[in-house]
Amino acid sequence: MNKSIHKPTERVLNILELLSAHPDGLTLTGIAEAISAPKSTIFPIIQTMLDRRFIYLDKPTLKYTVGIASFCVGASYSSNKNVLEFINNEIKYIVNEIDETCQMGILDGGQVLYVLKVDPDKKIDIRLISHVGKRLPAYCTALGKALLYHFDIEALRLLYPDGLKAYTKNTITNFEVLADQLYQIGDTYIAQEVEEVTEHLRCLAIPLNNRDKTIAALSISIPTFRASEEKMALAKVLLLGAKQKIETYFTTIDIDVEGLTFKNQLY
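Residues numbered from 1 in each chain as written. Predicted model: local features only at pLDDT ≥ 70, side-chain atom pairs only at ≥ 80, totals over all residues. Heavy atoms only, no water.

Focus: the pattern of salt bridges
Pairing between side chains becomes possible if they bear opposite charge and their charged atoms approach one another.
Consideration 1: One pass over the full model with this rule turns up eight salt bridges.
Consideration 2: With a shortest N-O distance of 2.9 Å, Lys245 and Glu90 are connected by a salt bridge. With Lys245 in helix 8 (residues 229-252) and Glu90 in helix 4 (residues 68-98), this pair connects stretches of sequence that are 155 residues apart.
Consideration 3: When its relative accessible area of 11% is taken as the criterion, Glu90 is described as buried.
Consideration 4: The residue Glu100 makes a salt bridge to Lys231 at a minimum N-O spacing of 2.9 Å. You can see Glu100 sitting in the loop between helix 4 and strand 3 (101-108) and its partner Lys231 sitting in helix 8, a full 131 residues away along the chain. Each of the two residues, Glu100 as well as Lys231, counts as buried. (Salt bridge = Lys/Arg side-chain N within 4 Å of Asp/Glu carboxyl O. Helix = DSSP H or I, 4+ residues; strand = E, 2+ residues; numbered from the N terminus. Buried < 20%, exposed > 50% of the residue type's maximum accessible area, 1.4 Å probe, protein only.)

So, in structure tokens, the structure goes:
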């Protein structure tokens with residue numbers, strides 16, 4: 001057994017998994033026997049789960065079943081998964097229209113956590129260093145700038161107390177310059193970076209907002225030699241179109257989008 005496992009937590013999860021497999025319910029004795037734990041040990045756990053409504057006790061039969069709180073957690077996961085599927089379909093549409101890589105990321109501290117990525121069918125000319133599960137500094141990526149555009153200079157200094165490290169010769173390392181660039185994103189909702197983290201690559205991105213909070217961002221990555229005015233204009237149109245559709249979708253679903261557990265969908 002893994003020594004890092006926390007035994008009481010493991011018992012909580014074992015009880016939930018056990019009851020989910022027994023919709024007719026189990027008694028305290030039945031639960032104890034099934035998970036090989038003394039009744040005296042699991043009774044306080046059972047009582048807490050009962051108080052928090054993660055399990056339900058049918059008093060006539062003294063059988064425990066899954067409670068309403070567990071259902072709400074499961075429903076939240078299902079809703080969040082549907083949100084990701086909706087966004088992923090929009091990303092696929094963008095890739096099909098522009099034939100370039102499109103990604104989604106969320107802010108994790110001062111870094112972008114990449115949670116969705118779709119590549120075009122054609123051979124990729126420049127290999128992106130980003131991938132699903134990858135983290136990169138937010139200040140030098142278009143995705144990150146779209147996520148940071150509400151931050152003022154003081155908030156940026158707090159987020160990056162050690163300063164802004166250069167990854168290429170184009171990386172912005174001056175807080176004043178970065179803050180000014182972020183401020184301008186508020187006018188167009190378009191963030192961009194040119195070879196700040198990967199040479200010969202430029203990116204455009206848009207923030208995805210819900211209830212006046214930025215919860216994620218979408219980007220399109222384009223090699224500089226293909227970044228014509230026409231392609232950049234198309235990228236902006238596609239991103240802004242996706243922004244409108246996704247944010248409208250957010251308003252039609254009965255979940256707290258601010259609390260989307262994107263990371264839990266990945267690991």
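There's plenty left to go through after this.
Details of the layout of surface pockets
Consideration 1: For the second largest pocket, the calculated volume is near 190 Å³.
Consideration 2: Along its surface, the second largest pocket is lined by Val12, Leu13, Leu16, Ile45, Thr48, Met49, Arg52, Phe54 and Ser70.
Consideration 3: The set of elements that each furnish at least two residues to the lining of the second largest pocket consists of helix 1 (7-20) and helix 3 (39-51). (1 Å grid on protein atoms, 1.4 Å probe; cavity = no way out; pocket = protein on both sides within 12 Å on 5 of 7 lines; lining within 4 Å. Points joined across faces, edges and corners; volume = space filled by probe spheres on them.)

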